[in-house]
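Chains, contacts and geometry: an overview
Residues per chain, in single letters:
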Amino acid sequence: MSLDILKDCIGFQWDDGNSEKNWISHQVTKSECEQIFFNQPLVIEDDERHSKAEKRYYSLGKTDGERKLFVVFTVRDNLIRIISARDMSKKEREVYLK
């Protein structure tokens, strides 16, 4: 998928519950989630299976500290809204590195 979905985005929108869940479950900070959108390579695909109420995407990217993350997000009002984040699985790392 093209990165075109991000071209009009001007920032991030956070739900306190989601950011707390990401920290408690996976020790991923808000800052780390945001960093992957500014580092290359960045892989973005449609998350068709979970796009019932609104269009969702998943991304594979790396933080400034080289941590490789899997991040699910949507775009609302030109803002990237992070839904969940965790470390990439082995299979996801293989896809990311190709």
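Structure's up top.
Okay, so let's go over this structure. This structure is a prediction, so every number in the text was calculated from the model and none was measured. (Residues numbered from 1 in each chain as written. Predicted model: local features only at pLDDT ≥ 70, side-chain atom pairs only at ≥ 80, totals over all residues. Heavy atoms only, no water.)

We now examine the overall build of the protein. On a plain count of helices and strands, the protein comes out with 3 helices and 5 strands. Considered along the principal axes of its C-alpha atoms, the protein spans approximately 30 × 30 × 25 Å. Taking the contacts inside the protein whose residues are at least 6 apart along the sequence as the reference set, 50% of them involve residues at least 24 apart. In the protein, 17 positive and 18 negative side-chain charges are present, and the distance between their average locations comes to 5 Å. (Helix = DSSP H or I, 4+ residues; strand = E, 2+ residues; numbered from the N terminus. Contact = heavy atoms within 4.5 Å. Lys, Arg positive; Asp, Glu negative; His and termini not counted. Charge placed at Lys NZ, Arg CZ, Asp CG, Glu CD.)

A few words now on the nonpolar core. Of all hydrophobic cores here, the largest spans 16 residues; its most connected members are Leu6, Phe37, Phe73, Ile80 and Ile82. Listing elements by their share of this core, those giving two or more residues are β4 (68–76) and β5 (79–87). (Core = buried A, V, L, I, M, F, W, Y, C linked by side-chain atoms within 4.5 Å. Buried < 20%, exposed > 50% of the residue type's maximum accessible area, 1.4 Å probe, protein only.)

Every α-helix carries 3.6 residues per turn, so stepping three or four residues along brings you back to the same face. Within the sequence span of helix α1 (residues 16–26), burial applies to Asn18, Ser19 and Asn22. Each buried residue of α1 lies within a common arc of 100 degrees when the element is viewed along its axis, so the set occupies one face. Summarising the geometry of α1, the exposed residues directed more than 90 degrees from the buried face are Asp16 and Ile24. At its buried positions, α1 is contacted by α2 (30–35) and β5. Sitting at the head of α1, Asp15 places a side-chain oxygen 3.0 Å from the backbone nitrogen of Gly17. Just downstream of α1 lies Gln27, where phi reads positive at about 55 degrees. (Arc of directions from axis to C-beta. Polar contact = N/O pair within 3.5 Å; in protein donor to acceptor, adjacent residues only side chain to side chain.)

Once that is clear, we can look at the pattern of salt bridges. Per the stated rule, a full pass over the model turns up 8 salt bridges. With its nearest N and O atoms 3.2 Å apart, the salt bridge here joins Asp46 to Lys55. Of the residues examined, Lys55 reaches a relative accessible area of 39% and is grouped as partly exposed. Close ionic contact of Glu66 with Lys62 constitutes a salt bridge, the shortest N to O distance being 3.6 Å. Residues joined in a network through salt bridges with shared partners are Glu32, Arg67 and Asp87. (Salt bridge = Lys/Arg side-chain N within 4 Å of Asp/Glu carboxyl O.)

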